[in-house]
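Structural features, examined
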Amino acid sequence: MGICEGRVVIVTGAGGGLGRAYALGLAAEGAKVVVNDLGVGTHGEAGESKGAAEKVVDEIRAAGGEAIADTADVADWEATRETVRKAIDAFGALHAVVNNAGFVRDRMFVSATPEEWDAVTRVHLRGHFCLSRHAVDHWRAEQKAGRPVAARIVNTTSGAGLQGSVGQSAYSAAKAGIATLTLVQATELARYGITANALAPNARTRMTMTAFADTMTSMQEAAFDPYAPENTAPLVAWLASEASAHVTGQVFEPFGGTIRIAQGWTDGPTSADVGRALRADEVGAVVEALVAGRAPAKPVYGAG
Ligand SMILES: NC(=O)c1ccc[n+]([C@@H]2O[C@H](COP(=O)([O-])OP(=O)(O)OC[C@H]3O[C@@H](n4cnc5c(N)ncnc54)[C@H](O)[C@@H]3O)[C@@H](O)[C@H]2O)c1
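These remarks concern the structure in this document. (Residues numbered from 1 in each chain as written. Predicted model: local features only at pLDDT ≥ 70, side-chain atom pairs only at ≥ 80, totals over all residues. Heavy atoms only, no water.)

Right, let's talk about the packing of helix H1 (residues 17–28) against helix H9 (residues 233–240) for a bit. Remark: H1 packs on H9, axes separated minimally by 8 Å, with the N-to-C direction vectors making an angle of 60°. By the angle between their directions, the pair H1 and H9 is classed as oblique. Handedness of the H1/H9 crossing: right-handed. Contacts between H1 and H9 involve Ala21, Tyr22, Gly25 and Leu26 from the first element and Ala233, Val236, Ala237 and Ala240 from the second. (Axes fitted to C-alpha atoms, helices over the stretch in contact; angles between N-to-C directions. Helix = DSSP H or I, 4+ residues; strand = E, 2+ residues; numbered from the N terminus. Parallel < 35°, antiparallel > 145°, perpendicular 65-115°, else oblique. Left-handed = near helix turned anticlockwise from the far one by under 90°. Contact = heavy atoms within 4.5 Å.)

Below is the structure:
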């Protein structure tokens with residue numbers, strides 16, 4: 001028996017890449033999966049992978065699993081309400097939401113446009129808000145009706161969101177927001193029986209093949225390929241399962257056969273309190289001592 005037997009899980013952006021691997025992995029662990037995908041291109045271009053959700057549903061059914069397709073835009077408030085309703089109508093319940101859909105529009109900040117900024121922050125940030133918000137409505141109603149809730153939100157951040165990435169200002173800002181959103185969701189939603197955790201994956205997909213093809217293909221022929229998207233699926237299945245009830249508000253960085261836990265902003269050195277506002281001519285020396293005494297920051301991806 002799989003660790004997700006009887007669980008109903010919505011996976012967004014599951015028509016390809018990591019989401020497809022999660023959907024297949026969840027189904028193999030016994031989950032009934034709503035395979036969501038709008039079928040867009042790597043930069044959000046309409047129609048580029050039309051029918052992607054349906055194909056993954058076919059794969060799951062061919063392997064003996066249960067799944068339905070959904071083509072809602074994850075940042076569409078009304079369409080995602082329908083996605084939640086569809087899951088409950090088809091399978092009688094909803095237990096987890098895996099927010100994974102997204103795309104990139106890389107550009108140096110100096111030439112980034114407001115349209116690119118809005119498109120990228122919309123799909124990631126608003127896309128993480130809409131579906132989870134509707135799911136939480138359902139779970140809170142369940143709890144109020146006296147039915148036990150063991151619900152899970154699994155979010156997708158990125159190394160770009162945790163340490164920044166050159167040429168990805170909008171994406172980095174959105175993914176950093178998702179990491180912090182996860183902390184707030186975990187804190188606010190614990191009372192309803194809902195956990196929230198996030199992943200920062202590292203896998204070979206069409207998204208990473210555009211920028212990091214050499215790295216992504218470097219181990220493809222090895223006995224164990226650490227960049228295969230399937231490697232991340234077991235962590236997602238566990239986080240979506242009942243077994244992870246005690247783990248919430250965490251950000252995981254899975255890669256190959258290992259999982260790292262990220263530790264975010266934390267207090268660094270603090271200057272002595274002078275008991276009054278610092279004068280402007282005093283600030284420079286104070287800040288220089290703080291910068292010299294702090295732990296080295298992880299470099300921004302692509303810096304230098
Ligand atoms: N691949 C990596 O190493 C990596 C690293 C860090 C973060 N991520 C994140 O992981 C997630 C999955 O990325 P991937 O690498 O599998 O990319 P991918 O392009 O293969 O898959 C993304 C999927 O999301 C779908 N999608 C895009 N916009 C959508 C929308 N509005 N509504 C519904 N579906 C939509 C696309 O059609 C696509 O199938 C993304 O959030 C990405 O930012 C990936």
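Back to the text.
Close contacts around the ligand come from 30 residues, with Asp37, Asn100, Tyr171, Ala203 and Thr205 the closest. Between the ligand and Leu18 there is a distance of 2.8 Å, counted from an oxygen atom to a backbone nitrogen or oxygen. One of the backbone nitrogen or oxygen atoms of Asn100 is found 2.8 Å away from an oxygen atom of the ligand. Considering the ligand on its own, with 830 Å² of exposed area, one finds that the protein chains cover 97% of that surface. Counting residues per element, the shell around the ligand draws most heavily on helix H7 (residues 206–211), which supplies three residues. The residue makeup of the shell around the ligand, split by class, is 12 nonpolar, 14 polar and four charged. (Near = heavy atom within 4 Å. Polar contact = N/O pair within 3.5 Å; in protein donor to acceptor, adjacent residues only side chain to side chain. Areas by Shrake-Rupley, 256 points an atom, 1.4 Å probe, with all protein chains shown as cover. Nonpolar A, V, L, I, M, F, W, Y, C, P; charged D, E, K, R; others polar.)

Considering all chains together, one arrives at two aromatic pairs under this definition. Ring centres of Trp77 and Phe129 lie 5.6 Å apart, and the angle between their planes is 15°; on these two criteria the pair is classed as stacked. You can see Trp77 sitting in helix H3 (residues 77–91) and its partner Phe129 sitting in helix H4 (residues 114–144), a full 52 residues away along the chain. Judged by its relative accessible area of 43%, Phe129 falls in the partly exposed class. (Phe/Tyr/Trp six-rings, centres within 6.5 Å; stacked < 30°, edge-to-face > 60°. Buried < 20%, exposed > 50% of the residue type's maximum accessible area, 1.4 Å probe, protein only.)

For the rest of this paragraph, the subject is helix H6 (residues 169–189). Helical periodicity: at 3.6 residues per turn, an α-helix aligns residues three or four positions apart in one direction. Taking 1.5 Å as the rise per residue, H6 with 21 residues should run 30 Å; its terminal C-alpha atoms sit 30 Å apart, in good agreement. Of the residues making up H6, those classed as buried are Ala170, Tyr171, Ser172, Ala174, Lys175, Ile178, Ala179, Thr182, Gln185, Ala186 and Leu189. Residues of H6 that are buried in the fold lie against H4, strand S5 (151–156), helix H5 (159–163), strand S6 (194–199), H7 and strand S7 (251–255). (Expected span 1.5 Å × (residues − 1).)

Honestly, it's all geometry; don't read function into it.
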